[in-house]
Amino acid sequence: LPDESGVVTLDACIMDGVGHRAGSVAFLRNIRNPISVARKVMDTTRHVLLAGDGALQFARQNGFPEQDLLTDAARQRWLEWKRGLNPNDNLLDQSHDTVTMLCLDRAGNLAGACSTSGLAMKIHGRVGDSPILGAGLYLDNQVGAAGATGVGELVLRTLASFTVVEFMRQGMRPSEACRAAFERMCEKIPEARHPQEALIAIDKRGEVGCATNTGDFTFYYGDGERVQRTKPTPIA
Ligand code: GLY
């Protein structure tokens, strides 16, 4: 879904536990798979984060095709939103479409990725948690990996993924760590109990966990042979 100007802008980041490497892009337009551009940043540059026109120029130089990402359905949603706009609208109530993925390979190495068009109808120029290491995604190859989805402002203000990994470092299991980070977020920002939020984690042994305050998110867990779908009970 687009921002308030009707423009689709994308954020993404990727991390590789081997070498603690990372790449990310923010406020990127017209490129269908921002995560692939983030990977290119990680694999081929000395930088971590490219944003806006510079990220687009980098994508073009690396052969990524450009296309208009505003689908007819998304344009309709945007037009309806504009028609119904009123000054009391809470922008944080708009939906978003973040996908966060954490992986552990057979050699015991972790990787993670997070990709999104961000909060729908956001202010043009807004960047969320997804391209920011420690917020939308974080991992430490000796400990575990964590990622977030939901309203990025709350995740950014509490560096939620970093917090989950640090809780696991202190000995918490992934689900406990997600819950504790969620509670930390709600303690610092009481309204965090309301807008959609979710945290996921995997530890170095492959145990997974999650915490969410809504039944709206679906979580998938795959072990290489089969994929299980779960809808965890929301934190009250
Ligand atoms: N979590 C995605 C965003 O708020 O942009």
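Report on the accompanying structure. What you see is a predicted model, and the numbers here were worked out from it, not measured in a lab.

**Quick word on the pairing of strand 2 (residues 21-29)**
Here strand 2 lies mainly inside the structure; seven of its nine residues are buried. In the sheet, strand 1 (residues 9-16) pairs with strand 2 via seven bridges, with the strands oriented antiparallel. When the bridges of strand 2 are listed, Ala12 appears paired with Val25. Taking the residues that link successive antiparallel strands as the turn, the strand 1-strand 2 hairpin has four residues, and the phi of Gly19 there is positive, at about 90°.

**As for the packing of aromatic side chains**
Applying the stated rule across the entire model yields one aromatic pair. Ring centres of Tyr138 and Phe162 lie 5.1 Å apart, and the angle between their planes is 65°; this geometry places the pair in the edge-to-face category. One end of the pair, Tyr138, is in strand 6 (residues 137-140); the other, Phe162, is in helix 5 (residues 160-169), and 24 residues separate them in sequence. You can call Phe162 partly exposed: its relative accessible area is 33%.

**As for helix 3 (residues 72-83)**
An α-helical turn contains 3.6 residues, so any two residues separated by three or four positions project in the same direction. Here helix 3 spans 16 Å end to end across 12 residues, near enough to the 16 Å set by a 1.5 Å rise per residue. For helix 3, the complete set of buried residues consists of Ala74, Trp78 and Trp81. Looking down the long axis of helix 3, one finds its buried residues gathered within 60° of arc, a one-sided arrangement. Of the exposed residues in helix 3, those oriented more than 90 degrees away from the buried face are Asp72, Ala73 and Arg83.

**A look at the site of the ligand**
Surrounding the ligand, one finds Thr98, Gly118, Leu119, Arg126, Gly128, Asp129, Ser130, Gly150, Val151 and Gly152. Here Asp129 contributes a side-chain N or O atom positioned 2.7 Å from a nitrogen atom of the ligand. Contact between the ligand and Gly152: an oxygen atom at 2.8 Å from a main-chain N or O atom of the residue. Coverage of the ligand by the protein chains reaches 100% of its 200 Å² of free accessible surface. Its residues placed into classes, the shell around the ligand shows two nonpolar, six polar and two charged.

**Considering the sheet that holds strand 6**
Pairing between sheet strands relies on hydrogen bonds along the backbone, with the strands arranged either parallel or antiparallel. An order of 6-7-8-9 is seen for the four strands of this open sheet, with the pairing classed as antiparallel. Each having just a single partner strand, strand 6 and strand 9 (208-212) make up the two edges of the open sheet. Pairs of neighbouring strands in the sheet enclose a mean axial angle of 10°, with direction left out of account. Bridge count for strand 6 against strand 7 (residues 144-150) is four bridges, and the pairing is antiparallel. Across the sheet, the residue bridging to Asp140 is Gly144, located in strand 7. Contacting strand 6, strand 7 and strand 8 (197-203), helix 5 crosses the sheet at an angle of about 145° to strand 7. Each of strand 8 and strand 9 touches helix 6 (residues 174-188); the most contacted strand, strand 8, lies at about 145° to it.

**Thoughts on a nonpolar patch on the surface**
Together, Val48, Leu49 and Leu133 give the surface a local cluster of nonpolar side chains, amounting to about 210 Å² of exposed area. Mapped onto the elements, Val48 comes out in the loop between helix 1 (34-44) and strand 3 (49-51). Note on Val48: relative accessible area 36%, which makes it partly exposed.

**Some points on the sheet that holds strand 1**
Strand order in the open sheet formed by five strands is 3-2-1-5-4, with mixed pairing between adjacent strands. One side of each edge strand has no neighbouring strand; the edge strands of this open sheet are strand 3 and strand 4 (99-104). Neighbour-to-neighbour, the strand axes of the sheet open up by a mean angle of 5°, direction not taken into account. Across the sheet, helix 1 lies against strand 1, strand 2, strand 3 and strand 5 (110-116), angled at about 135° from strand 2, the strand it touches most. With respect to the sheet, helix 2 (residues 52-61) is in contact with strand 2 and strand 3, its orientation differing from that of strand 2 by roughly 110°.

**What to know about the packing of helix 1 against helix 2**
Taken N-terminus to C-terminus, the directions of helix 1 and helix 2 make an angle of 80°; their axes are 10 Å apart at the nearest point. In terms of orientation, helix 1 lies roughly perpendicular with respect to helix 2. Contacts from Val37, Lys40, Val41 and Thr44 of helix 1 reach helix 2 at Ala55, Phe58 and Ala59. Tallied by class, residues from the contact of helix 1 with helix 2 come to five nonpolar, one polar and one charged.

Calculation rules
- Residue positions are counted from 1 within each chain, in the order its sequence is given.
- Where local features are concerned, this predicted model is filtered to residues with pLDDT of at least 70; where side-chain atom pairs are given and counted, the filter is 80 or more; whole-chain, interface and lining totals use all residues.
- The side-chain figures draw on all heavy atoms in the structure; neither hydrogens nor water molecules are used.
- Accessible area is worked out with a 1.4 Å probe on protein chains only. A residue is then buried under 20% of its type maximum, exposed over 50%, and partly exposed in between.
- Secondary structure follows DSSP: runs of H or I at least 4 residues long count as helices, runs of E at least 2 residues long count as strands, and numbering of each begins at the N terminus.
- At least two DSSP bridges between two strands are needed for those strands to be called paired.
- Geometry of aromatic contacts follows a simple scheme: Phe, Tyr and Trp rings, the Trp one being its six-membered ring, pair when their centres are within 6.5 Å, and the pair is stacked under 30 degrees between planes, edge-to-face over 60, tilted otherwise.
- What a helix should span is 1.5 Å times the count of its residues minus one.
- Our arc is simply the arc of the directions from the helix axis toward the C-beta atoms.
- We define proximity as follows: a residue is near a molecule or strand when any one of its heavy atoms falls within 4 Å of that partner.
- Polar contacts here mean pairs of N or O atoms no more than 3.5 Å apart (in protein, one a potential hydrogen donor and the other a potential acceptor; neighbouring residues in sequence count only if both atoms are side-chain atoms).
- For accessible areas, the Shrake-Rupley method is used with a probe of radius 1.4 Å. Any residue's cover is judged against the shown protein chains and nothing else.
- We call Asp, Glu, Lys and Arg charged. Ala, Val, Leu, Ile, Met, Phe, Trp, Tyr, Cys and Pro are nonpolar, and the rest, Gly among them, are polar.
- Angles run from 0 to 180 degrees between N-to-C directions of axes, and those axes are lines fitted to C-alpha atoms, restricted for helices to the stretch in contact.
- The contact criterion used is simple: two residues touch if any of their non-hydrogen atoms lie within 4.5 Å.
- Without a salt bridge and with relative accessible area above 30%, a residue can belong to a patch; like charges are then joined within 9 Å and nonpolar side chains (Val, Leu, Ile, Met, Phe, Trp, Tyr) within 5 Å.
- Any Lys or Arg side-chain nitrogen located within 4 Å of an Asp or Glu carboxyl oxygen qualifies as a salt bridge.
- In what follows, roughly perpendicular refers to angles from 65 to 115 degrees, roughly parallel to angles under 35, roughly antiparallel to angles over 145, and oblique to any angle outside these ranges.

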